[in-house]
Amino acid sequence: MTQPPEPQLPPQSATVAGPEAKKQIEVRGYSAWFGAKQVLKDVSLAFPGPGVTAIIGPSGCGKSTLLRGINRMHETVPGARSAGEILFQGKNLLDRRLDAVQVRRSIGMVFQKPSPFPTMTVRENVLAGLRLNGVRDQAKLQEKLEWALRKTNRAPRWTPSPPQRWRNSCWSCSIRSPW
Amino acid sequence: MNFDTASRRRLVDQVMVALCWAAVALAAIPLVAVLYYVASQGIHRFDLNFFTHVPAPVGDASGGMANSLVGTLELVLIASVVGIPVGILAGIYLAEFGKAGKFAWAVRFTADVLSGVPSIVTGIAAYTLIVRPMHHFSAWAGGVALGTMMIPMITRTTEELVKMVPRSVRESALALGIPEWKTILGVVVTTARNGILMGVLLSLSRIAGETAPLLFTAFNNNFWSTSPNQPTASLTVQIFTYAISPFDDWHDQAWTGALTLLLLVVGVNLMARIFVKRTGRAVG
């Protein structure tokens, strides 16, 4: 659990964008701990963009921990800490002075396992990010909802299957940020 | 394979199941007996008169417990205002912020002790802290005494139910850039709301049936009084007063009061269950 055999991924392993693409997110010497246990040791890699980057590895090697580090979700685990730098738009996301909530608003995350909010309807789920962040404009909410549902090719009334639930959370994540 | 053993096992199995059934029957007998007896004794005076009139002197059969019913509702209302917000917020604190800290341990311990304190002790405390300084009995004192009893019950149920909300739900909300306080109130507590509500209703039905803490706080009142500054009648204290009196008429009314209280408690319990069923199960 301490160290995956190949922590340093080739920077552009599965990137659609060309090699000249700008580095969108750069991880420098990132280490992460759960309590006293170090699970990531000095990871450095760059995500060029715009594009898609895949991180591949056996289960338990720290892929999710790395991703969770990028939008500051790692620190929500009790006893967890991290070190290093993650640069995004010229700022170090790990900087304590940066508000983690602001970081998460601009860097979304979709979990491997969908976890819709159980007491909310599909509409409320998709719009949760907007509404709980204080968007009250009904017209705008409706517009975003329709956009998200169209993206998933869904009629307004449907019961989502698990993969649909997952896509659903993808869209709820991507419409999180209207600014 | 030993077939004798198999048949012995079946026999043991049947005996055990029979014992379980017997235990259920034994547990149900007192329950059914109480319900039946209260209903059969209370039904005589269970009429409109009982619910629209205040107590009358002995010999005058037109008396009722209207003021006690209103008084009980008033006391429960004051208790709710005291107990529900404090209980729920304390429960959220324990589940979300306190966790394993020393202070949280102390709060938890206090809540457990408080829920084990005999209710008459709570009554004495309210008497000393509220009735003495105010120089007279009042619904405030009674309501606060009952509310104090609600706090530990609601705190612990809220804590347990909030803790039951899966981590993934919390993380989904945090990952959307929702601030922690909104995540807790808007997502975590909302997910646990049915269970919390059920805990609140159950604690309500428990305190509605309390007598001891009211004896020297709200005291009793034979007249109409809706002012919380005045001594206030309650079904339980009125039942107590009538039941220890030497008059048959009052005894009958005490039974009817008991029946009313019973229906009230059954009603609240049913409401809790139906509500939880109807809004679907989230957590709890």
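Conventions and cut-offs
- Residues numbered from 1 in each chain as written.
- Chains lettered and ligands numbered in written order.
- Predicted model: local features only at pLDDT ≥ 70, side-chain atom pairs only at ≥ 80, totals over all residues.
- Heavy atoms only, no water.
- Helix = DSSP H or I, 4+ residues; strand = E, 2+ residues; numbered from the N terminus.
- Buried < 20%, exposed > 50% of the residue type's maximum accessible area, 1.4 Å probe, protein only.
- Areas by Shrake-Rupley, 256 points an atom, 1.4 Å probe, with all protein chains shown as cover.
- Contact = heavy atoms within 4.5 Å.
- Salt bridge = Lys/Arg side-chain N within 4 Å of Asp/Glu carboxyl O.
- Polar contact = N/O pair within 3.5 Å; in protein donor to acceptor, adjacent residues only side chain to side chain.
- Nonpolar A, V, L, I, M, F, W, Y, C, P; charged D, E, K, R; others polar.
- Core = buried A, V, L, I, M, F, W, Y, C linked by side-chain atoms within 4.5 Å.
- Pairing = 2+ DSSP bridges.
- pLDDT = per-residue confidence, 0-100.
- Axes fitted to C-alpha atoms, helices over the stretch in contact; angles between N-to-C directions.

From N to C terminus, chain A includes five helices and four strands. The burial tally for chain A puts 41% of its 179 residues in the buried class. As presented, chain A carries roughly 10200 Å² of accessible surface, and 54% of it is formed by carbon and sulfur atoms.

Quick look at the interface of chain A and chain B now. Contacts between the two partners involve 25 residues from chain A and, on the opposite side, 19 residues from chain B. For the pair chain A and chain B, the number of links is one salt bridge. The tally of links between chain A and chain B comes to five residue pairs in polar contact (both at pLDDT 80 or more). Every element with two or more residues in the side of chain A that touches chain B is listed here: helix H2 (100-106), helix H3 (122-132) and helix H5 (162-174) of chain A. Class assignment of the residues belonging to the side of chain A that touches chain B gives a composition of 13 nonpolar, eight polar and four charged.

With 39 residues, the main nonpolar core has A:Phe117, B:Val187 and B:Ile207 as its most contacted residues. Counting residues per element, the ones that place at least two in this core are H3 of chain A together with helix H3 (66-98), helix H6 (139-164), helix H7 (167-175), helix H8 (180-191) and helix H9 (193-208) of chain B. If near-sequence neighbours (up to four positions away) are discounted, B:Ile207 is found in contact with B:Val76, B:Ala79, B:Leu146, B:Met149, B:Met150 and B:Met153. Counting 17 residues, the second largest nonpolar core, distinct from the first, contains A:Val27, A:Tyr30, A:Leu45 and A:Leu93.

Turning our eyes to something else, we now look at the pattern of salt bridges. Residue and element names in this part refer to chain B. In total, this model carries 15 salt bridges over all chains according to the counting rule given. For the salt bridge of Asp112 with Arg156, the shortest nitrogen-to-oxygen distance reads 2.7 Å. Of this pair, Asp112 sits in helix H4 (residues 102-116) while Arg156 is found in helix H6, placing the two residues 44 residues apart along the sequence. A relative accessible area of 39% places Asp112 in the partly exposed class. Under the relative-accessibility criterion, Arg156 is labelled partly exposed at 22%. The salt bridge partner of Arg167 is Glu171, with a shortest N-O separation of 2.8 Å. With Arg167 and Glu171 both in helix H7 and four residues apart, this pair spans about one turn of that helix. Owing to a relative accessible area of 39%, Arg167 belongs among the partly exposed residues under this scheme. The buried category is assigned to Glu171, whose relative accessible area is 10%. The structure contains a network of salt bridges with shared partners spanning Arg108, Asp112, Arg156, Glu159, Glu160 and Lys163.

Residues and elements named next belong to chain A. Direction of pairing for strand S1 (residues 22-34) relative to strand S2 (residues 37-49): antiparallel, over a ladder of nine bridges. Paired with Lys23 across the two strands is Pro48, which belongs to S2. Adjacent in sequence and paired antiparallel, S1 and S2 are bridged by two residues, among which Gly35 carries a positive phi angle near 65°. As judged from the eight bridges shared by S1 and strand S3 (residues 80-88), these two strands associate in the antiparallel manner. By the bridge assignment, Phe34 is partnered in S3 with Ala80.

For chain A, mean pLDDT is 76; residues scoring 70 or higher make up 73% of the total. Confidence over residues 1-20 of chain A falls short of pLDDT 50; this stretch has 28 contacts with residues more than four positions distant or in other chains.

This part takes up H8(B). When we look at burial in H8(B), the residues that qualify are B:Thr183, B:Ile184, B:Val187, B:Val188, B:Val189, B:Thr190 and B:Thr191. In this structure, the buried side of H8(B) is in contact with H3 of chain A together with H3, H6, H7 and H9 of chain B.

Quick look at the sheet that holds S2(A) now. Residue and element names in this part refer to chain A. In space, the four strands of this open sheet follow the order S2-S1-S3-S4, with antiparallel pairing throughout. In this open sheet, the two strands that pair with only one neighbour each are S2 and strand S4 (91-92). Each of S1, S2 and S3 touches helix H1 (residues 63-70); the most contacted strand, S1, lies at about 115° to it.

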